[in-house]
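# Fold and contact review
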Amino acid sequence: MADEEQSTAAAPVEAPTADDALGYEHARDALLEVVRQLENGGTSLEESLALWERGEQLAKVCQRWLDGARARLDAALAAEEDAPPQG
């Protein structure tokens, strides 16, 4: 039982969030808006921290989309290389 607890503790899994349902473009646009707000200033420290945390979440969503796209491209290229020559 102690071994089971160690194995689950060693690999934390993030719970899905509402952001996970966002498409890449929507998450990117929301991230750009967060950056714009932070660059403009005029927010309290607490608001700035909340914006930064939101930006981090959105950046992770964008990165997952980009990683998925890269994996699909790599798989397509690998399948193309493995395909027998036609002709």
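Residues numbered from 1 in each chain as written. Predicted model: local features only at pLDDT ≥ 70, side-chain atom pairs only at ≥ 80, totals over all residues. Heavy atoms only, no water.

## Some remarks on helix 3 (residues 45-82)
The end-to-end C-alpha distance of helix 3 is 55 Å, a good match for the 56 Å that 38 residues give at a rise of 1.5 Å each. For helix 3, the secondary structure elements touched by its buried residues are helix 2 (24-40). (Helix = DSSP H or I, 4+ residues; strand = E, 2+ residues; numbered from the N terminus. Expected span 1.5 Å × (residues − 1). Contact = heavy atoms within 4.5 Å.)

## Quick word on helix 2
Taking 1.5 Å per residue as the helical rise, helix 2 with its 17 residues ought to reach 24 Å, and the 24 Å between its terminal C-alpha atoms agrees with that figure. Downstream of helix 2 by one or two residues, Gly41 has phi in the positive range, about 70 degrees.

## A word on the nonpolar core
In this structure, Leu22, Ala27, Val34, Leu51, Leu58, Val61 and Cys62 together form the largest nonpolar core, which totals 7 residues. Secondary structure elements with two or more residues in this core: helix 2 and helix 3. Broken down by element, this core gets its largest block of residues, 4 residues, from helix 3. (Core = buried A, V, L, I, M, F, W, Y, C linked by side-chain atoms within 4.5 Å. Buried < 20%, exposed > 50% of the residue type's maximum accessible area, 1.4 Å probe, protein only.)

## Re the confidence of the model for the protein chain
For the protein chain, per-residue confidence averages 85 on the pLDDT scale, and 79% of positions sit at 70 or higher. Across the protein chain, the element-wise mean pLDDT spans from 45 in helix 1 (residues 2-10) up to 97 in helix 2. Taken together, the stretch residues 1-9 has pLDDT below 50 and engages in 0 contacts with residues farther than four places along the chain or on a different chain. (pLDDT = per-residue confidence, 0-100.)

## Some details on the pattern of salt bridges
Overall, the coordinates contain 3 salt bridges when judged by the stated rule. Between Arg28 and Asp29 there is a salt bridge; the shortest N-O distance is 3.1 Å. Given the relative accessible area of 31%, Arg28 is considered partly exposed. Arg36 is paired through a salt bridge with Glu33; the nearest N and O atoms lie 2.3 Å apart. On the criterion of helical spacing, the pair formed by Arg36 and Glu33 is a turn pair, its members being 3 residues apart in helix 2. (Salt bridge = Lys/Arg side-chain N within 4 Å of Asp/Glu carboxyl O.)

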